[in-house]
Amino acid sequence: MIDFQHVTKAYGKGSVKAVDDLNLHIGKGKVFCFIGPNGAGKTTTIRLLTGILSPTEGTVTIGGYDMAKQPLEAKRLIGYVPDQHDLYDRLTGLEYLRFMADMYEVSEHDRKERIEHYLDVFDLRDAIGQQVRSYSRGMKQKLTVIGALVHQPPVWVLDEPMVGLDPRAAHVLKEEMRRHCDAGNTVFFSTHVLEVAERLCDEIAIIDKGRLIAQGTLEELRSGHADESLEQLFLTLTEDAEVAGQ
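Residues numbered from 1 in each chain as written. Predicted model: local features only at pLDDT ≥ 70, side-chain atom pairs only at ≥ 80, totals over all residues. Heavy atoms only, no water.

1. Observations regarding the overall build of the protein
A count of helices and strands for the protein gives nine helices and 10 strands. Computed over C-alpha atoms, the radius of gyration of the protein comes to 18 Å, within 12% of the 18 Å expected from 2.2 N^0.38 for 246 residues, which places it in the range of a compact globule. Seen through its principal axes, the protein has C-alpha atoms that stretch 55 × 40 × 30 Å. A burial count over the protein gives 48% of its 246 residues as buried. Contacts in the protein between residues at least 24 apart in sequence constitute 67% of all its contacts with a sequence separation of at least 6. (Helix = DSSP H or I, 4+ residues; strand = E, 2+ residues; numbered from the N terminus. Rg over C-alpha atoms; globule rule 2.2 N^0.38 Å. Buried < 20%, exposed > 50% of the residue type's maximum accessible area, 1.4 Å probe, protein only. Contact = heavy atoms within 4.5 Å.)

2. Here we look at the packing of helix α3 (residues 93–103) against helix α5 (residues 137–149)
At a minimum axis distance of 9 Å, the contact between α3 and α5 shows a crossing angle of 25°. In terms of their interaxial angle, α3 and α5 are classed as roughly parallel. The way α3 lies across α5 gives a crossing that is right-handed. Counting all contacts with α3, which are made through G93, Y96, L97 and M100, the residues of α5 involved are L143, I146 and G147. Within the contact of α3 with α5, the residues separate by chemical class into five nonpolar, two polar and no charged. (Axes fitted to C-alpha atoms, helices over the stretch in contact; angles between N-to-C directions. Parallel < 35°, antiparallel > 145°, perpendicular 65-115°, else oblique. Left-handed = near helix turned anticlockwise from the far one by under 90°. Nonpolar A, V, L, I, M, F, W, Y, C, P; charged D, E, K, R; others polar.)

3. Description of the sheet that holds strand β2 (residues 16–26)
Read across the open sheet, the four strands follow the order β2-β1-β4-β5; overall the sheet is antiparallel. With one partner strand each, in any of the chains shown, β2 and β5 (65–66) form the two edges of the open sheet. Across five bridges, strand β1 (residues 2–11) lies against strand β4 (residues 57–62) in antiparallel orientation. Bridged to F4 within β4 is V60. Lying over the sheet, helix α1 (residues 42–49) contacts β1, β2 and β4, oriented at roughly 120° with respect to β1. (Pairing = 2+ DSSP bridges.)

4. Observations concerning the packing of aromatic side chains
Applying the stated criterion across every chain yields a total of four aromatic pairs. Through a chain of ring-to-ring contacts, three or more aromatic side chains come together here, namely F32, F34 and F188. (Phe/Tyr/Trp six-rings, centres within 6.5 Å; stacked < 30°, edge-to-face > 60°.)

5. Some details on the sheet that holds strand β6 (residues 78–81)
An order of β6-β7-β8-β3-β9-β10 is seen for the six strands of this open sheet, with the pairing classed as mixed. With one partner strand each, in any of the chains shown, β6 and β10 (211–216) form the two edges of the open sheet. Between one strand and the next, the sheet's axes are offset by a mean angle of 15°, whatever the strand orientation. Judged from the five bridges that link them, strand β7 (residues 155–159) and strand β8 (residues 186–190) form a sheet pairing that is parallel.

6. Points about the layout of surface pockets
The volume enclosed by the largest pocket comes to roughly 760 Å³. Lining the largest pocket are 26 residues, and of these Y80, Y96, M100, M103 and Y104 lie nearest its centre. Counting residues per element, the ones that place at least two in the lining of the largest pocket are α2 (71–75), β6, α3 and α5. The element contributing the most residues to the lining of the largest pocket is α3, with four residues. (1 Å grid on protein atoms, 1.4 Å probe; cavity = no way out; pocket = protein on both sides within 12 Å on 5 of 7 lines; lining within 4 Å. Points joined across faces, edges and corners; volume = space filled by probe spheres on them.)

7. A closer look at the environment of Q141
Locating Q141 in the fold gives a position in helix α5. Each C-alpha atom, one on Q141 and one on P82, is 9.2 Å from the other, the two residues being 59 residues apart in sequence. Every residue in contact with Q141, bar those within four places of it in the chain, is listed here: V81, H85, E160, P161, M162, V163 and L165.

8. A look at the pairing of β8
Burial of β8 is extensive: five of the five residues sit out of reach of the surface. With burial as the criterion, each face of β8 is covered, one bearing T186, F188 and S190 and the other bearing V187 and F189. Where strand β3 (residues 31–35) meets β8, four bridges bridge the pair, whose relative direction is parallel. What sits directly across from C33, in β8, is F189. Once the chain exits β7 it traverses helix α6 (residues 167–182) before rejoining the sheet at β8, and the crossover so formed is right-handed. (Right-handed = clockwise from strand over helix to strand, strands pointing away.)

9. Considerations on unusual backbone geometry
Residues other than glycine seldom take positive phi values, yet E105 does so here, at roughly 55°. Assessed through its relative accessible area of 62%, E105 is described here as exposed.

Here is the structure:
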């Protein structure tokens, strides 16, 4: 469903590589977790995946569509929750969700059914008639999540999605991520909360200084490191990569 083939994103006339020769393949029905230290290239990778940035080299393919050559077809398959809320503050929550449904040409019947469902799931019904500028950070996060799901995308991309959510909303979001994949879809998300990644993810990739240093199931990553937690593995693998790069 998601393919990165030798993807590099360079800045400063190629002297700085935020992403360096990245190869990834992520199939259907998987919760895929992308982790790494601050500045490792996670958000750049997500912006390449969603078509916000274009690679310096390589190709990004979503559902068989090349993001560079067929951007509209590729982007229609994606629901994106960014790490910051770029919302229209003077719209009401409901107007924003209707706008998102219009963008993806969701029918009146489907949008009404889905919006009603997610408003209850994320406990946002009481605020949906208010302007977005009156929302708390957590409420904006919930609205962004609903907006990303209203067209039922095959690929759901989330950048640090738990930030700002209360424990109940975070629990609901994790359940929705699992349910989305159980229906045959794909979830790609980044997080610094390694306990969440350890419990929720089917597959994990670790990036450091723009390069992929490990990928696989938790059991595969534990090869040679039996019984270590994901946090311990993360520290070991990133330290090893640091030493190798010196």
